[in-house]
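Okay, here's what each chain looks like letter by letter:
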Amino acid sequence: MRHLAARLAIAGIALSCALPHTAWAQEGDARATLEATLVNAVACKAEFGADWDPIVNDALSNLETFLTEEDPDIAKVDLDVILAELLADGKELPMTDALKDHCRTVMASGS
């Protein structure tokens, strides 16, 4: 569980740069936070390219770890559906000026 707490802390740091401030309304919900991080990272990757691969991969890994720790009996197919839907959401997320600014901030910080 300590491993998950560390991953959530790292995700929170990246999230503080990656998400528009309105998304912080979901701060208390770790799953929603991790899902939003993934969706935004995918949107940033679509806009800015392969430099975002490590961030998207980290977001995927963090969410997958969280989901499997939250529900150790989750079926692989269910996990794959959840992740596929979030990846699709990220590709369809409108790239606003605010999100572009956050994407640039994350890249500048080396997250």
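To be clear, the structure that these remarks concern was listed above.
Residues numbered from 1 in each chain as written. Predicted model: local features only at pLDDT ≥ 70, side-chain atom pairs only at ≥ 80, totals over all residues. Heavy atoms only, no water.

1. Let's talk about the overall build of the protein
Secondary structure summary: the protein contains five helices and zero strands in total. Helices (α) and strands (β) of the protein occur, in sequence order from the N terminus, as α-α-α-α-α. Within the protein, the proportion of its 111 residues that are buried is 35%. A separation of at least 24 residues holds for 62% of the contacts in the protein among residues at least 6 apart in sequence. Just so you have it, the protein exposes about 6300 Å², and 56% of that area is on carbon and sulfur atoms. (Helix = DSSP H or I, 4+ residues; strand = E, 2+ residues; numbered from the N terminus. Buried < 20%, exposed > 50% of the residue type's maximum accessible area, 1.4 Å probe, protein only. Contact = heavy atoms within 4.5 Å. Areas by Shrake-Rupley, 256 points an atom, 1.4 Å probe, with all protein chains shown as cover.)

2. A closer look at the state of the cysteines
If you walk through the whole model with that rule in mind, you get one disulfide. The disulfide partner of Cys44 is Cys103, and the S-S distance across this bridge is 1.8 Å. On the S-S bond that ties Cys44 to Cys103, the torsion sits near -75 degrees, and the link is left-handed. In this pair, Cys44 sits in helix H2 (residues 30–48) while Cys103 sits in helix H5 (residues 97–109), placing the two residues 59 residues apart along the sequence. (Disulfide = S-S within 2.5 Å.)

3. Quick look at a negative patch on the surface
Taken together, the side chains of Asp29, Glu70, Asp71, Asp73 and Asp78 make up a negatively charged region of the molecular surface. Position of Asp73 relative to the elements: it lies in the loop between helix H3 (53–70) and helix H4 (76–92). (Patch = residues over 30% accessible without salt bridge, like charges linked within 9 Å, V, L, I, M, F, W, Y side chains within 5 Å. Salt bridge = Lys/Arg side-chain N within 4 Å of Asp/Glu carboxyl O. Lys, Arg positive; Asp, Glu negative; His and termini not counted. Charge placed at Lys NZ, Arg CZ, Asp CG, Glu CD.)

4. What about the pattern of salt bridges?
For the structure shown, the criterion picks out five salt bridges. Of the charged contacts, one joins Glu35 and Arg31 as a salt bridge, the two residues approaching to 2.7 Å between their closest N and O atoms. Here Glu35 and its partner Arg31 are both found in helix H2, four residues apart, which amounts to about one turn of the helix. In this structure, the salt-bridge partner of Lys100 is Glu47, at a minimum N-O distance of 3.7 Å. Of the two residues, Lys100 is situated in helix H5 and Glu47 in helix H2; the sequence distance between them amounts to 53 residues.

5. Side note on the nonpolar core
By size, the foremost hydrophobic cluster in this structure holds 22 residues, and its most contacted members are Leu38, Trp52, Val56, Leu63, Leu67, Leu83 and Leu86. Sorting the residues of this core by element identifies H2, H3, H4 and H5 as the ones contributing at least two each. When sequence neighbours within four positions are dropped, the list of residues in contact with Leu67 reads Arg31, Ile74, Leu79 and Ile82. (Core = buried A, V, L, I, M, F, W, Y, C linked by side-chain atoms within 4.5 Å.)

6. Overview of the packing of H2 against H4
Where H2 meets H4, the axes come as close as 7 Å, and the angle between the chain directions of the two elements is 50 degrees. By the criterion of interaxial angle, the relationship of H2 to H4 is oblique. Where H2 crosses over H4, the handedness of that crossing is right-handed. Taken together, the residues of H4 that come into contact with H2 (itself represented by Arg31, Glu35, Leu38, Val39, Val42 and Ala43) are Ile82, Leu83, Leu86, Leu87, Asp89, Gly90 and Lys91. Split by residue class, the contact of H2 with H4 holds eight nonpolar, one polar and four charged. (Axes fitted to C-alpha atoms, helices over the stretch in contact; angles between N-to-C directions. Parallel < 35°, antiparallel > 145°, perpendicular 65-115°, else oblique. Left-handed = near helix turned anticlockwise from the far one by under 90°. Nonpolar A, V, L, I, M, F, W, Y, C, P; charged D, E, K, R; others polar.)

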